[in-house]
Amino acid sequence: MKKLTLHRLTILLVICFFQFSCKNIKKTETVTVDYITETSGDVDFGKTKVTAFTPEIRKNMKKLYQDKIGMFIHWGPYAQLEGMWNGEKKSAEWIMKVGKIPVKDYEREAAAKFKPVNFNANDWIDIAEKAGMKFMVLTAKHHDGFAMYKSKHPYNLVDFAGFGRDIYKELADACAQREMNLGFYYSQSQDWHEKGGVGNDWDFEGVLKPQKDYDDYFYNKVAPQVKELTQNYKDIFMVWFDTPIQMDDEKCQLMMDIVKENQPGALVNSRLGNGFGHFDVSIDNGKTPSVSTATWLPDLKVPWQTHESVTKGGWGYTSYGAELDRTKDYPDFIYSLCRIVGNGGVYLLNVAPRPDGTIPQSQANSLRAIGEWLEINGEAIYGADPSPLKFPPFAITSKPGKVYLHVKDIEKNKVSLTGILSKVNKAYVLSDASKQTLNFTQDKEQLIVNVPKNLKEPRVTVVVLEIEDEKAKVIDETIQQEENGSIKLPVSKCEFAIRRISYDYEKEITHRWGENVKQGLIWTVNVKQSGVFKIISEDSGDHDFTYNLITPKETLELNAKGTIGAITKKLQEGSINLSKGVYQIKVYPKVKTSKKTKHRYKFKGLELVLLEE
């Protein structure tokens, strides 16, 4: 019978003691959910065949990979309410649902009054261009069901609101003249205005709809409107679908076919549902601990995409969240761009125009700060490849013969990096026009670059490494078993099976893991000493949540019971056998965690402790 050594037994007993005695002394979090990210179907992304990547699609995909950053625009009748209903703060673009506003009331107080008389397409394009953006995506129909263009369906800006101007056409014409690529957002499943649309359970019965009602809504509103948008508004760069609830393969394929027929080059995102689409999209503000190139084709770099807003408290306009001075956050917006590109992604940054059609100056200023940085440091972003290290310690991008280190805080005038094996021939700061050679030391995988104080950028400094190899050689990042036999599996060293999950870089924990059974966390491990292992988990606790630890030969169910809200360690029941070799160890949710608790479940990782004879 296997037994624990006295030393290991003591450690495990101490961990258990803390698990059962720790008190949650942290303040409770306020959670506002303004989105739904459930996936549908057996496949999360990748069902679209390679043959769908036609020359036209490939051309625009290369453009997306080159451009890296675009403007997202959430704008509709919800802006008219400015986040308020019956004198109370409710929500931004989700105000109709959060406030359970009846259709007739929403029509009267929001849609009918929405007349953006000060909208000017060229003003918007000016802001996007000054931000260094090359494409825009406007909400043509959000979940409130209102069309922001001239549609045959009567619930639209031109007819219902009596505005008389087709905003989307004006924007499409201006974008064509100024070579700004334009796409549209379309909510294909949720539509709180229609009986058959998903979501409205205060005017109609149930959030989900009977198949007959949903089919009637989909084939008589969604399909015709997507056809209108792809036929009547010049070249469409991208179609950004959202929340694929009740979507099946037939409906997804129909959307793909309509887009392809009318806009052969238009890129479709994965939120169409059921694995369809040309590129994958994360949850809102989705981050990842590792570089992800899993969606690349052998001859085409297909990036994933994530999105964020320069507003607070929602994506649409509110009087309390869309006019804020975000000056202190400029470095964070810039660094988010660096991290996303460094991990293989593309950034879609959202603005929320006022009801009159103008973009608040505070939002324009946030975008302009990014543009000013890109004017100097764009070489490290536009067309850049991800970090050569799969688990970069900070934002890193690359190009043939160069590695770019993006550093927000330089301590003691030194930038340290572990992992690059290629010989560094020269280092300099990208913003330095003279390309002054920096002093550095390189000892195998250890690199230290000295950056004089006068060369530091106020927000993010980019240090360029000119290397001997066209593609940087790096260390083996496989997780190695430690001398005492233990194997540590931190989230910071895992890969995500799907994009519908996020990560906190500062705390090195998951965000919204456990809400979907397809949310696998994957580690590649080198087991040198085989045996039986006990498992210590480190998380915030969720009494109802269970997940499976999976090896090539075995599966063990683990639980998240423990101190809810506080990160603690605990010894799991059971053990697992590991043989020698290099292979993947995974965890997948079994019984989903709750999304409604004040404390989102947070997972920091596992430690596998070797038992001895």
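Rules and cut-offs
Residues numbered from 1 in each chain as written. Predicted model: local features only at pLDDT ≥ 70, side-chain atom pairs only at ≥ 80, totals over all residues. Heavy atoms only, no water. Core = buried A, V, L, I, M, F, W, Y, C linked by side-chain atoms within 4.5 Å. Buried < 20%, exposed > 50% of the residue type's maximum accessible area, 1.4 Å probe, protein only. Contact = heavy atoms within 4.5 Å. Helix = DSSP H or I, 4+ residues; strand = E, 2+ residues; numbered from the N terminus. Arc of directions from axis to C-beta. Expected span 1.5 Å × (residues − 1). Pairing = 2+ DSSP bridges. Axes fitted to C-alpha atoms, helices over the stretch in contact; angles between N-to-C directions. Parallel < 35°, antiparallel > 145°, perpendicular 65-115°, else oblique. Left-handed = near helix turned anticlockwise from the far one by under 90°. Polar contact = N/O pair within 3.5 Å; in protein donor to acceptor, adjacent residues only side chain to side chain. pLDDT = per-residue confidence, 0-100. Salt bridge = Lys/Arg side-chain N within 4 Å of Asp/Glu carboxyl O. Phe/Tyr/Trp six-rings, centres within 6.5 Å; stacked < 30°, edge-to-face > 60°. Lys NZ or Arg CZ within 6 Å of the ring centre and 35° of its normal. Patch = residues over 30% accessible without salt bridge, like charges linked within 9 Å, V, L, I, M, F, W, Y side chains within 5 Å. Areas by Shrake-Rupley, 256 points an atom, 1.4 Å probe, with all protein chains shown as cover. Lys, Arg positive; Asp, Glu negative; His and termini not counted. Charge placed at Lys NZ, Arg CZ, Asp CG, Glu CD.

Considering the nonpolar core
Then comes step 1: With 125 residues, the main nonpolar core has W75, M136, L171, M255, L405 and L465 as its most contacted residues.
Then comes step 2: Beyond its immediate stretch of four places on either side in the chain, M136 contacts M71, I73, W124, I125, A128, L171, C175, M180, N181, L182 and G183.
Then comes step 3: Core analysis: the second largest hydrophobic core is formed by 31 residues, I585, Y601, F603 and L608 among them.

A word on the environment of M133
Then comes step 1: Within the element layout of this structure, M133 appears in the loop between α6 (121–130) and β4 (135–141).
Then comes step 2: Sequence separation of M133 and L438 is 305 residues, and the distance between their C-alpha atoms is 31 Å.
Then comes step 3: Those residues in contact with M133, other than ones at most four positions away along the chain, are I69, G70, M71, A128, M180, L349 and L367.

Some words on helix α5 (residues 103–111)
Then comes step 1: For α5, every residue scored as buried is listed here: V103, Y106, E107, A110 and A111. Looking down the long axis of α5, one finds its buried residues gathered within 110° of arc, a one-sided arrangement.
Then comes step 2: Contact partners of the buried residues in α5: α3 (78–81) and α4 (95–98).

Description of helix α9 (residues 249–262)
Then comes step 1: With 14 residues, α9 extends 20 Å between its outermost C-alpha atoms, agreeing within 8% with the 20 Å of an ideal straight helix rising 1.5 Å per residue.
Then comes step 2: Every buried residue belonging to α9 is among K251, C252, M255, M256, I258, V259 and N262, and all of these are buried. Projection of α9 onto a plane perpendicular to its axis shows the buried side chains occupying an angular sector of 160°, all on one side. Across from the buried face of α9, at angles greater than 90 degrees, the exposed residues are E250, K260 and E261.
Then comes step 3: Next to the buried residues of α9 lie α8 (211–231), β6 (238–242) and β7 (267–268).

Considerations on the sheet that holds strand β11 (residues 402–407)
Then comes step 1: Strand order across the open sheet formed by four strands is β10-β11-β16-β13, with antiparallel pairing between neighbours. Single-partner strands in this sheet number two, and they are β10 (396–399) and β13 (424–429). Between one strand and the next, the sheet's axes are offset by a mean angle of 20°, whatever the strand orientation.
Then comes step 2: Taken together, the five bridges between β13 and strand β16 (residues 461–467) define a ladder with antiparallel strand orientation. Counterpart to K426 in the pairing with β16 is E466.
Then comes step 3: The strands touched by helix α10 (residues 330–342) are β10 and β11; relative to β10, the strand with the most contacts, the crossing angle is about 55°.

Notes on the environment of P102
Then comes step 1: By the secondary structure assignment, P102 is in the loop between α4 and α5.
Then comes step 2: Of the residues examined, P102 reaches a relative accessible area of 30% and is grouped as partly exposed.
Then comes step 3: In this structure the C-alpha to C-alpha distance between P102 and W202, which are 100 residues apart in sequence, comes to 7.1 Å.
Then comes step 4: The residues contacting P102, other than those within four sequence positions of it, are W202 and D203.

Focus on the pairing of strand β1 (residues 69–73)
Then comes step 1: Among the five residues that make up β1, five are buried, leaving the element largely enclosed by the rest of the structure.
Then comes step 2: Here β1 shows no split at all, with I69, M71 and I73 on one side and G70 and F72 on the other all buried.
Then comes step 3: The pairing of β1 with strand β9 (residues 345–351) spans five bridges and is parallel. Paired with G70 across the strands is L348, a residue of β9.

What to know about the packing of α10 against helix α11 (residues 361–377)
Then comes step 1: Put simply, α10 and α11 touch, their axes get as near as 9 Å, and they point 55° apart. Taken together, the axes of α10 and α11 are oblique relative to one another. When you trace α10 past α11, the crossing you get is right-handed. Across the interface between the two elements, Y330, F333, I334, L337 and C338 of α10 pack against N365, S366, A369, I370, W373 and L374 of α11.

Description of the side chain of R271
Then comes step 1: Note on placement: R271 falls in the loop between β7 and β8 (304–309).
Then comes step 2: Note on R271: relative accessible area 7%, which makes it buried.
Then comes step 3: Here S282 takes part through its backbone oxygen, which lies 2.8 Å from a polar atom of the side chain of R271.

Regarding the confidence of the model for the protein
Then comes step 1: Per-residue confidence for the protein gives a mean pLDDT of 93, with 94% of residues at or over 70.
Then comes step 2: When the criterion is pLDDT under 50, residues 1–34 qualifies, and its contacts beyond four places in sequence or with other chains add up to 51 contacts.

Some details on the pattern of salt bridges
A side chain with one charge may pair with a side chain of the opposite charge, provided their charged atoms come close.
Then comes step 1: Under the criterion given, the structure shown has 38 salt bridges.
Then comes step 2: As a salt-bridge pair, E557 and K590 come within 2.5 Å of each other at their nearest N and O atoms. One end of the pair, E557, is in strand β25 (residues 555–560); the other, K590, is in strand β27 (residues 581–591), and 33 residues separate them in sequence.
Then comes step 3: Residue classification places E557 among the partly exposed positions, given a relative accessible area of 40%.

Considering the packing of aromatic side chains
Then comes step 1: By the definition in use, this model includes 27 aromatic pairs.
Then comes step 2: Seen in terms of ring centroids, W75 and W124 are 5.1 Å apart; in terms of plane orientation they differ by 70°. Their pairing is edge-to-face. Note that W75 is positioned in the loop between β1 and α3 and W124 in helix α6, a separation of 49 residues in sequence. The exposure classification of W75 matches that of W124, with both residues buried.
Then comes step 3: Plain terms: the ring middles of F545 and Y547 are 5.5 Å apart, the flat faces sit at 25° to each other, and that makes the pair stacked. Across this residue pair, the class does not change: F545 and Y547 are buried.
Then comes step 4: Among the aromatic residues, those joined into a ring-pair cluster are W513, F545, Y547, Y601 and F603.
Then comes step 5: Against the face of Y65 rests K68, its NZ or CZ located 3.5 Å from the ring centre.

Thoughts on a negative patch on the surface
Then comes step 1: Negative charge collects at one region of the surface, where D409, E411, E506 and E508 lie side by side.
Then comes step 2: Tracing the sequence through the fold places E508 in the loop between β20 (502–504) and β21 (509–511).

Focus on the sheet that holds strand β14 (residues 440–443)
Paired through backbone hydrogen bonds, the strands of a sheet run either parallel or antiparallel to each other.
Then comes step 1: Strand order across the open sheet formed by three strands is β12-β15-β14, with antiparallel pairing between neighbours. This sheet does not close on itself; its edge strands, each paired only once, are β12 (414–418) and β14. Looking at each pair of strands side by side, their axes are set apart by 10° on average, direction ignored.
Then comes step 2: As paired elements, β12 and strand β15 (residues 446–450) share five bridges and run antiparallel to each other. Across the sheet, residue S416 finds its bridge partner in β15, namely I448.

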